[in-house]
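Coordinate analysis (summary)
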Amino acid sequence: MTGHHDIGAIRARLASGDGPAFWRSLDAVADTPEFRSYLEAEFPAAARLAASPERRGFLKLMAASFALAGLSACDSSDGRHYELPYVNAPERILPGAPLSYASSALLDGFANGILVTTRNGRPLKIEGNPDHPWSLGGTDVLAQASVLGLYDPFRSQAVQHIGRPSSWAAFQGAMLAQMPAWQAKGGEGLALLTGPVTSPSLEAEIARMRKTYPAMRWYVSAGVARDGLYEGARRAFGRPFETLPEFAKARTIVSLDGDMLDLGPGQVGLARRWSDARKASYAAGNLLTLHAAAATPTLTSAKADYGIAVAATRMEALARDLLSLAEGGTAPSADDASAAWLERASAALNAARGAGIVTTGLSGSPALHALVHRLNGALGNAGTTVRHTAPAQAIGAGTLRDLSTAMAEGSVETLIVLGVNPVYEAPGALDFAQAMERVPLKIHAGLYFDETAAHSDWHLPLAHPLESWGDARSLDGTVGLIQPTVAPLYNGRAANELLGFLDRGTIGNGLDLLKQRMRGESETDATFQARFEEALRSGFLPDSAAKPETTVLTEAASAPAKPPEAPQETIEVVFRPDPTIWDGTLADLGWLQELPKPLTKIVWENVVGVSPKLAERRGLANGDIVRIAADGRAIEGPVWITPGQAENTVSLGLGYGRNVPDHLAKGLGYAANVLRPAMDPWLLEGATLAATGQRRMPATTQDLGTMEGMDLVRVQHQGAKPVGDAKAYELASFYPKPAAAERGAEAAWAMAIDLDSCIGCNACITACQSENNIPVVGREEVERGRWMGWLRVDRYFSGTLDAPETHFQPVPCMHCENAPCEVGCPVEATLHDSEGLNLQVYNRCVGTRTCQSYCPYKVRRFNYLDYTGDMPVVAQQQRNPDVTVRARGVMEKCTYCVQRIAAARIDSAKDAHAPIPDGAVETACQGACPTRAITFGNLSDPRSRIAAARADGRNYALLGELNTRPRTTYLASLAPPAKEG
Amino acid sequence: MAQLFSPGADAIYRLALLTGVACLAGIPIVAAGIVRSDYVTDVGVAPAQPVPFSHKHHSGELGVDCRYCHTTVETQATAGIPPTHTCMTCHSQIWTGSDMLKPVRDSFARDEPLQWVRLNKLPSYVYYNHSVHVTKGIGCSTCHGDVTSMQMTYRANAFEMQFCLDCHRDPAKYVRPQEQVWNMTWKPPENQATLGPELVAKNHIRGGERLTECAICHR
Amino acid sequence: MSGATLQPPSGTGLIGPDATLHGIGRAVASVPLTHPLNRRWWIAFAGALALLGLFGGVLCYLLLTGVGIWGNNNAVVWALDIASYDWWIGVASGSLLVSAVLLLLGAEWRGAVNRVAETVALLCTCAAGLYPIIHLGRPWFFFWNLPYPNTYDLWPQFRSPLLWDAIDIVSYLVVCVSLWYIGLLPDLASLRDRAVEDALAQEKAHGRPRKRSLLKAQAYGIVASGWRGSAAHWQLWSQAYRTIALLGVLLVVSLQTGASVMLAGSVMPGWHDTILPVTFLVNAVFSGVGVTAAIVVLIRSVYRLDGLISARHLEILARLMLCLGCASLYCYATEFFSTFLHGDQQERDVLIRRITGAHAWAFWTVVACLLIPAQAFWSARLRRSPLAVALIGVLIAIGAYADHVMVLVVTLAQDFLPSSRLAYSETIWGVATFAGSVGLFLTLLLLFLRYLPAVSITESRRLALAVVPAAAERRAVKEAEARPLASERDGTEDAPLWGVSAAFASEGDLAAAAAALSGRDDAHVHLDAHGPVPMPRVLRTLGIAGRSIRAYAILGALAGGAAFFGMCVYATAYDYVFLIGGRPRFSWPSFVVPSLSFAMMSGTIAVHLALLILNRLPRLNHPAFNIPGFLRATDDRYFLSAEAQGERFDADRVVRKLASLPTEAGRPLDIRRVPR
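Note that the structure is a prediction, hence the values are computed from the model and not measured. (Residues numbered from 1 in each chain as written. Chains lettered and ligands numbered in written order. Predicted model: local features only at pLDDT ≥ 70, side-chain atom pairs only at ≥ 80, totals over all residues. Heavy atoms only, no water.)

A look at the overall build of chain A
Filter applied, for reference: Secondary structure follows DSSP: runs of H or I at least 4 residues long count as helices, runs of E at least 2 residues long count as strands, and numbering of each begins at the N terminus. For every residue, the accessible area obtained with a 1.4 Å probe (protein chains only) is divided by the maximum for its type, and the residue is called buried under 20%, exposed over 50%, and partly exposed between those limits. Residue contacts follow a heavy-atom distance rule, with two residues in contact if any of their heavy atoms lie within 4.5 Å. The accessible surface values rely on the Shrake-Rupley method and a 1.4 Å probe; as for residues, cover is taken only from the protein chains in view.
Along the backbone of chain A there are 31 helices and 37 strands. Within chain A, buried positions represent 63% of all 981 residues. Considering only contacts in chain A between residues 6 or more positions apart, those separated by 24 or more positions represent 73%. About 34000 Å² of surface is accessible on chain A, with carbon and sulfur atoms providing 54% of the total.

Regarding the side chain of threonine 806 of chain A
Residues and elements named next belong to chain A. Residue placement: threonine 806 occurs in strand β29 (residues 804–811). The class of threonine 806 is buried, set by a relative accessible area of 13%. Setting aside residues up to four positions removed in sequence, threonine 806 forms contacts with Ala302, Leu599, Arg795, Tyr796 and Phe797.

A word on the domain arrangement of chain A
Frequently, the measure chosen for interface size is the accessible area that the parts lose on association. Residues and elements named next belong to chain A. Threshold: Where each domain begins and ends is defined by an automated method or by a domain database. Buried area is calculated as the accessible area (1.4 Å probe) missing from two parts once they are joined, with the contributions of both summed. Put simply, a salt bridge is a Lys or Arg side-chain nitrogen that is within 4 Å of an Asp or Glu carboxyl oxygen.
Per the domain assignment, the segments of chain A are domain 1 (4–75), domain 2 (160–225 + 395–465 + 489–520), domain 3 (231–308 + 318–386), domain 4 (571–695) and domain 5 (715–734 + 741–975). Each of domain 3 and domain 4 has a C-alpha centre, and the two are 27 Å apart. Counting from both sides, the interface comprises 12 residues of domain 3 and, opposite them, 17 residues of domain 4. With both chains or domains summed, domain 3 and domain 4 bury close to 1100 Å², and 68% of this area falls on carbon and sulfur atoms. Between the two partners, domain 3 and domain 4, sit one salt bridge.

Some words on the interface of chain C and chain A
Contact with chain C, which involves 64 residues of that partner, is made by 65 residues of chain A. Both sides of the chain C and chain A interface together cover about 5200 Å² of buried area, and 55% of this is carbon and sulfur. On the chain C side of the contact with chain A, Asn74, Arg138 and Leu579 of chain C bury the most area, a combined 15% of that side's loss. Summed over the shared surface of chain C and chain A, the result is two salt bridges.

Thoughts on a nonpolar patch on the surface
Formally: Each patch is built from residues lacking any salt bridge and having more than 30% relative accessible area; the joining distance is 9 Å for like charges and 5 Å for nonpolar side chains (Val, Leu, Ile, Met, Phe, Trp, Tyr).
On the surface, a cluster of nonpolar side chains totalling about 450 Å² of accessible area is made up of Val30, Ile34, Tyr39 and Val40 of chain B. Tracing the sequence through the fold places tyrosine 39 of chain B in helix α2 (residues 38–41).

Overview of the nonpolar core
For the record, the criterion: Only buried Ala, Val, Leu, Ile, Met, Phe, Trp, Tyr and Cys residues count toward a nonpolar core, and they belong to the same one when joined by side-chain atoms within 4.5 Å.
Counting residues in each nonpolar core, the largest one holds 364 residues, and the members touching the most others are Ile628, Val650 and Leu652 of chain A together with Trp78, Tyr172 and Leu658 of chain C. It is helix α7 (residues 231–264) of chain C that contributes the most residues to this core, 17 residues altogether. Not counting chain neighbours up to four residues away, the residues in contact with leucine 658 of chain C comprise Val500, Ala502, Ala513, Leu517, Leu640, Pro668 and Ile671 of chain C.

Some words on the interface of chain B and chain A
Facing 41 residues of chain B, the contacting portion of chain A comprises 39 residues. Together chain B and chain A conceal approximately 3700 Å² of surface at their shared face, both sides included; 56% is due to carbon and sulfur atoms. On the chain B side of the interface with chain A, the three residues burying the most area are Arg118, Arg210 and Arg219 of chain B, jointly 20% of the side's total. Our count for the contact surface shared by chain B and chain A stands at one salt bridge.

A closer look at the layout of surface pockets
Rules: Points on a 1 Å grid, built from protein atoms alone, make a cavity when a 1.4 Å probe fits but cannot get out and make a pocket when they are open with protein on both sides within 12 Å along at least 5 of 7 lines; residues with an atom within 4 Å of a point are the lining residues. Grid points are joined across faces, edges and corners, and a volume is the space filled by probe spheres set on the points. Under the convention adopted here, Pro, Cys and the residues Ala, Val, Leu, Ile, Met, Phe, Trp and Tyr are nonpolar, Asp, Glu, Lys and Arg are charged, and Gly plus all remaining residues are polar.
Its boundaries defined by the atoms lining it, the second largest pocket holds a volume of some 1300 Å³. Together, 32 residues line the second largest pocket, and Val21 and Leu24 of chain B together with Val174, Ile605 and Leu609 of chain C are the ones closest to its centre. Among the elements of the structure, α1 (7–36) of chain B together with α5 (161–206) and α20 (589–614) of chain C are those that each provide at least two residues to the lining of the second largest pocket. It is α20 of chain C that provides the largest number of residues to the lining of the second largest pocket, a total of eight residues. Partitioned by chemical class, the residues of the lining of the second largest pocket number 25 nonpolar, five polar and two charged.

Examining the sheet that holds strand β2 (residues 525–530) of chain C
Residues and elements named next belong to chain C. Note the cut-off: A pair of strands is treated as paired once DSSP finds two or more bridges between them. Every axis in this analysis is a line fitted to C-alpha atoms, fitted for helices over the stretch in contact. Angles between the N-to-C directions lie between 0 and 180 degrees.
Across the sheet, which stays open at both edges, the four strands sit in the order β2-β3-β1-β4 with antiparallel pairing between neighbours. Where the open sheet ends on each side, the last strands, each with one partner, are β2 and β4 (670–675). Averaged over neighbouring strand pairs, the angle between their axes works out to 20° when direction is ignored. Both strand β1 (residues 497–504) and β4 contribute to a ladder of six bridges, which runs antiparallel. Bridging from a neighbouring strand, serine 501 pairs with arginine 672 of β4.

Re the sheet that holds strand β34 (residues 934–938) of chain A
All names here are of chain A. Spatial strand order, β34-β27-β36-β35: four strands in an open sheet with mixed pairing. Edge positions in the sheet fall to β34 and β35 (955–956), since each has one partner strand and no second. In the sheet, β35 pairs with strand β36 (residues 968–971) via two bridges, with the strands oriented antiparallel. By the bridge assignment, tyrosine 956 is partnered in β36 with tyrosine 970.

With respect to the pairing of strand β3 (residues 110–119) of chain A
Residue and element names in this part refer to chain A. Where burial is concerned, most of β3 is hidden: nine out of the 10 residues are buried. In terms of strand pairing, strand β2 (residues 98–107) meets β3 through 10 bridges, oriented antiparallel. Across the sheet, residue serine 100 finds its bridge partner in β3, namely threonine 117. Between β2 and the antiparallel strand that follows it, β3, lie two residues; aspartate 108 among them carries a positive phi value of about 50°. In terms of strand pairing, β3 meets strand β4 (residues 122–128) through six bridges, oriented antiparallel. Each residue of the ladder has a partner; that of isoleucine 114, found in β4, is glycine 128. The loop that links β3 with its antiparallel partner β4 comprises two residues; one of these, asparagine 120, has a positive phi angle of about 50°.

Considering the environment of aspartate 111 of chain B
Relative to the assigned elements, aspartate 111 of chain B resides in the loop between α6 (102–110) and β1 (116–117). Excluding its chain neighbours within four sequence positions, the residues that come into contact with aspartate 111 of chain B are Val87 of chain A together with Asp106 of chain B.

Description of the pattern of salt bridges
Evaluated as defined, the whole model comprises 75 salt bridges over all chains. Close ionic contact of glutamate 205 of chain A with arginine 208 of chain A constitutes a salt bridge, the shortest N to O distance being 2.8 Å. Taken as a pair, glutamate 205 of chain A and arginine 208 of chain A lie in helix α8 (residues 200–212) at a separation of three residues, close to a single helical turn. Judged by its relative accessible area of 31%, arginine 208 of chain A falls in the partly exposed class. Each of Arg312, Glu315, Arg319, Arg383 and Arg384 of chain C takes part in one network of salt bridges that share partners.

Digging into the environment of serine 506 of chain C
Residue and element names in this part refer to chain C. Going by this rule: Under the rule applied, a polar contact is a pair of N or O atoms within 3.5 Å (in protein, one hydrogen donor and one hydrogen acceptor; residues adjacent in sequence only if both atoms are side-chain atoms).
With respect to the helices, strands and loops of the structure, serine 506 is situated in the loop between β1 and α17 (507–517). For the pair serine 506 and proline 668, spaced 162 residues apart in sequence, the C-alpha to C-alpha distance is 9.8 Å. At 3.2 Å, the side chain of serine 506 forms a polar contact with the backbone nitrogen of aspartate 509.

Regarding unusual backbone geometry
The linkage connecting leucine 617 of chain C with the following residue, proline 618 of chain C, adopts the cis geometry, with an omega of -5°. Summarising the element assignment, proline 618 of chain C is placed in the loop between α20 and β3 (638–644). Residue glutamate 828 of chain A is not a glycine yet carries a positive backbone phi of 60°. Summarising the element assignment, glutamate 828 of chain A is placed in the loop between α26 (820–824) and β30 (830–832). Using a relative accessible area of 6% as the deciding quantity, one classes glutamate 828 of chain A as buried. The backbone of aspartate 153 of chain C sits at a positive phi, close to 60°, despite the residue not being glycine. Along the chain, aspartate 153 of chain C falls in the loop between α4 (111–134) and α5.

This is the structure we're talking about:
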């Protein structure tokens, strides 16, 4: 080609300024002479197109061909043709060797401790930080997926001004011109909108900015706000508190629409403490029981020993009844349906005064929160099993409602939106976008060019948390540090750096800002440096958790006891954050979109949850499109009949219905925010539901919810005889015992999954996906039944439709010693090694699919189409180099993370075959599990945890009667003594 | 009327039949030969490099240790390609004006990597770890040949599966004393038949069936 | 055309009383040689080609995109692909088994059926053989299923039923081709000679033969490999035909076992059943008979071959279908009975899902098409109705397909874990792939019908001779009396002599003449006989009565089977030992099935080679072809040749001896000296 140097120039331009491989960045160079000459040389016809009105579509096409040809020319044929060594080898980075950084994963501003594994300078995998005092080594799906977010091709890659590519310099120039005016007016008309702020350094920056612009107003927006929780505490105690349960000391838990095990800032820490307490209490012979009332089923209510479906509007009455019973009174508003549950819960609470927990969740109303505080106070739980601490979130900002009003009044002249997307998130009642039209200057900074960006004058790319310096608090107040693991891919800036610029006129340096904030007044350089490095190493500031505070209940407004209400025919609508994509911020991540929602197993969209009774009454079936309307606003979505839903409750999921052109999330589901009322964001009363007559089945990964009479999930009642069995290993056979583990191998790998600890949170699935390069196949393929996850979490219901028991059962490959799959393979693509792994040799597989047809567990996954080849080049950077990327036509499955075993084995081999210590090999799913439900290790080591789990009376093999001798076994779920239930 | 076929037709027909059979048998044999030939495997072919670096000169004649440049060979999966900086430790002092070394100086000055043509390629689904091999007594030359005699470096062996299996099935044939690992001219001594098994035992090398399991190399 | 049509036999006869050797030859040969129904054939061929084109298109798309174009999913990993394979190979097995068993039982009426059956078997195998390759995720690596020296030092996994299948299908293709070709060999020679006769007739009419006619004759001549109808040829031919048929029967059993163990070898409910291999075999034969019957009726009506394919034939086929239908019914009943009597819960659930589940249509298609229709043949009227036989044959084929879909899909769509249940529906591409393979079958079938004899000429002639031997003899005598001996002198005396030949109208005459000639001058005369049908009566006279090629078959089969078994043992237990499914290192039972298949294949190859080599074939040019009127050796004449062996051969003495024979005891129709 003639213009080779032209490509170099284009590439340089793309790399330096706005990043490679995505069409939006091409926009930035499309008009440069280099690009023109390149086009004319290479694609003469295309050069004419480039000037035509269909320019955007053309650029999109060009992005693909660039990725194939020009831009990736240096790594032709999978990058193995040339070797490009460093010019100066960086310290610490050894080629191919993993390097971990402690950092924090953020969820609505709240931190969980993580370790970021990088390889050759690229962050590849998120692990939990076991030393972190709050998260204790667990992670959630959002943390696991955040590494994909870093390489997300949909991320914003350039500064944009009124929809046209611009630059940081242009933005800085424009702002510097504005600043004198702001300063002159003391910030009058200036409005700053952020997400929930827990970061001390960001808080300091905001404080400093407010000092510079005293009249500036600060607002906070969040799709899933904690306002109700703080307001409830304020009503009960006079000021806001964070409320944390102490499960270890508790004997019973009553949850009123609680969300302690559900995705959210608290999930990782709370679920771990809950499962630990439950295991300990079972061992002590007195199982920590959970009584849960919920309007719509959640992970918390799914794990309940005693569950009941209660309308959200009745929740306060229920709390009042409990309070009345706790105070020795009666339950005046109890109806027939709830009386038994109420009685049992109340009895348990009263029996465990000072050792009980009453809890509610983010979606509880302030009144409910206040009632729960009073209930805990009355039962003597406050201060013992219920701890109150200062809020981790910075208090004092205005709400979105306030901002909307201010904008509508015209009192906002400049709106700075930092990392949030209010145009999408704001309740429909606020009509935010319209109000925003009245603001003369709108600046948006975000990871994505989202709905708000489209309504703004300036859009600035924010740096991803994995690219920036920062800090954030966990729910318990522990300050976690955020450190960059890679230089910003798209020249984004961190939020605190941006604020520094608006304050001082120069874009700050995140590291300096962090150090400034952390440095104590009296510290010397040396002591500070040592402390800082230690904090970076550990990932958090030691002993920074908030101290428990004593609380005093304010005088309660006397609540009139109400008699039971007559059954109502009106529909209440509850809104819930999505258990995979949360509030929609991460809706562009394919891993999360394709993650089956724990209870419905639906992917790629949200549904309208209705109770079986309501569906029966209205003649609705799964997939019927219904229209839900209130106050002149309406949404349409497919019905999903949800066992365990309160009769007249309709549940809507947040996070969908995004309207961002060309993005992955575009066109998926409906936008529940449209219906959200301005006052109570979680509950809408008096809505109407009408079938539209249309139908569209949502894509799910599991059809059947029953066990069909089989004992797939076993339940161990406290005090009953063990339900586990060793029989599965003693069945008669013509063959001798399998030779695995008898060929002089060092280990016999096995896994045990504690079904009681499994809360169905899916962290394992996402961890597996990121560790093992598992492709996202898309909605159509899932509908055809070709979901690719190596690990699935089966969900079974038992009991009645209205009050079902829910069971979660993670099913990876069982690594059967008598593996049925292996016999069928004609080419030895699947076989055993002597350590007991059922191996899958991708490069040998010809794709007969016999192994999967022989597999009684159906855990194998086949690449029916080319799922990996057309992945964006950027997203391919996330791939784990230790795991083969599977081609089309190849079977794949769980390998017990054989690459991790191999790494440990090589280390041990280099060390004269020193035995691999127990716990040295952790599978990805095991590492991610917030409740440590998964045990993995060497069965031939009698002191290992896996050997202990195998010896547990709860241990059983799934379908053990088939004589497959699975290496993966289950520990039966726990339940209170049977006679009680 | 004459016969339908002339007498010569018989010979032609039979020859055609035999040729057909020979082709059926011969084509796979020829194909198998081509696949194994140097023409396909590139064994012994020294490609042009940006700098005509001579292992013979540096390592053979000057005696620079392998590990001076390939620093991670004892600790990591990859042996490591030296950064330009390594070249410049010497060549900022000697041969500073050599035209031959201009790409090295340019690379260092412009902070652009040298682009070496890769010699030893394994498919992306094969995971080879240098460190465990050298620490267990498998020498460089067993796979890479006598690099110290190569003016321009070439591929000494086609790394096909059978090449790897040959050693994994019976490491005693190739294992050497630890001090001989870096010796490029090592040849199995007379008593390799007795020495090999001793070294295998001493180095805790798992041989035979264990080392030929698929997951040893494929993941 | 009408002259070539034979009168259909009356009543329950298998062949008409007027069927002569010549008439049969002409009736069958006129179809490929003169192509009646030219336009209708082209229309049908265009349709078949369109389907084949669709197949090509689908295969291209499949190779470019992947098997994901079908509706298969995580649970139903096998669907129409394997169902189609099982169906095709089932029909192939059934057809081959019918032909082979009829041959082995010596059923005289087989001539009308066995050519069609063998052809159907071969073409179905072609269609079936593609599926194991195209259904692969990476079809370009299909050869990894076969043992060959590779740089990975790897063998295929001999314990896998899929590997057995790969070996089975290769063996089956070889046996099918061999059986089909051997059956066809004398008919090809017949066609060759009819084509030459046509060319000569044209020469007489137009002065010179048309080049196309000669080319056609040569083409048939090449594939006929120089078949002369020599008594020695016939002797080995009969043995080879029967031996390969026997090997084919054993292979069918082995193949269907392999195909059924592909399912039964798993632990899946609904597959893991001892009756399954039997059901597979019965349904395979059943569908094979069905398809064969339908095509036989089609050929009969289209080419008006009622004279050769009589109502009696159809009735026998109908009875066969009835019998197999009852066997099939028994298999299904047994499965239900034993499962509900002592099967486990999952087995019962699968059976219930077959009847009531999402794919119940497949079960009810089986009932409606496979089990019920054949019972109609209790009625004699329907047994003799060509339409009923064809229709029910097609229904049985459809039912057999539904059976494969049912067995595969119902089990896979939900086996043990309710969580793994997945709905399955086929895409248009899966159906198109099957339709395309039908196109391949039809295209090849139409080509066969156009260019090759659809009914075995040889077998029909044998039937004619067996049914009405007296008539044939009478005709021969009449002919002999009607014509005087031809002149000995025809101007070739000066040329070097190859030998003397004599023509006869019947094998009896020839045998008598041969007996008269033998015993003298043995060293100088090599006697041979040539005729349109096997001539067992002259073998003793010729001194080759004891020749047998059974030993080749046995040795070939034993050597091949042992070598394959040895290879399996060496590969899995010594050369590269893998841990497979917890099986012991030396798991010999797994190797029996593929070894058996391989043994059948190597036995077949040995027999085939023996047939050709012992008969000194192929030989396109031979002095015997110089015998005047020798073209009729494949028609209705028998020739005795006395070949000169050495200088002391006295042609005149032989001529005199022959000419002196009495009319009723072997007097030739004419005697000729044959130049070398």
